[in-house]
Amino acid sequence: MTGAMATTAAVTFVWLGMVVAISFVEAPLKFRAPGVTVRIGLGIGRLVFRALNTIEAVLAQLVVVRPRLTRRSDAVLAGADPPRSRVHYAYVALEGVKAVALLAGGVLVISA
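From a predicted model like this one, the values you see are computed outputs, not experimental measurements. (Residues numbered from 1 in each chain as written. Predicted model: local features only at pLDDT ≥ 70, side-chain atom pairs only at ≥ 80, totals over all residues. Heavy atoms only, no water.)

Engineer: Break down helix α1 (residues 3-29) for me, citing the residues and quoting the values.
Structural biologist: Its 27 residues give α1 an end-to-end C-alpha distance of 37 Å, which sits within 8% of 39 Å, the value for a rise of 1.5 Å per residue. Of all bends in α1, the biggest is about 30 degrees, found at I22. V11, I22 and A27 are the residues of α1 that are buried. Along its buried surface, α1 packs onto α2 (38-64). (Helix = DSSP H or I, 4+ residues; strand = E, 2+ residues; numbered from the N terminus. Expected span 1.5 Å × (residues − 1). Bend = angle between axes of the 7 residues up to and from the residue. Buried < 20%, exposed > 50% of the residue type's maximum accessible area, 1.4 Å probe, protein only. Contact = heavy atoms within 4.5 Å.)

Structural data, given as structure tokens:
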């Protein structure tokens, strides 16, 4: 297994663990905790799922885009001349989305 494949597998299983833990364990159990009303539980749920979705956006970028970029850069470094790739544009766009999300998150934290 190559380093890229091992990284992809690790990220995939960490991602799966987060989804299982949050969606199937935390989400239903929080409503059973003493004193947690539906309103409080929904407020907690929104925060938790927003965090999960932010992490998922980052992981999706890593799992989908990075291995393709790595394969192409490996080929170029080995002396090949592969055709131009549009994957880099996707990577740049996702980095832009991530930067905007980080900026928005930072502003939300400061303003809270």
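Now that the structure is up, let's keep going.
Engineer: I'd like a rundown of the layout of surface pockets, residues and numbers included.
Structural biologist: By volume, the largest pocket is sized at about 340 Å³. Taken together, 15 residues make up the lining of the largest pocket; nearest its centre are R50, T54, A101, L102 and G105. Listed by contribution, the elements that provide at least two residues to the lining of the largest pocket are α2 and α4 (87-111). A per-class count over the lining of the largest pocket returns ten nonpolar, three polar and two charged. Its volume calculated, the second largest pocket comes out at about 210 Å³. As for the second largest pocket, its lining consists of L69, R72, S73, R84, S85, R86, H88 and Y89. Counting only elements with at least two residues in the lining of the second largest pocket, the list comes to α3 (66-77) and α4. Residues that form the lining of the second largest pocket fall into these classes: two nonpolar, three polar and three charged. (1 Å grid on protein atoms, 1.4 Å probe; cavity = no way out; pocket = protein on both sides within 12 Å on 5 of 7 lines; lining within 4 Å. Points joined across faces, edges and corners; volume = space filled by probe spheres on them. Nonpolar A, V, L, I, M, F, W, Y, C, P; charged D, E, K, R; others polar.)

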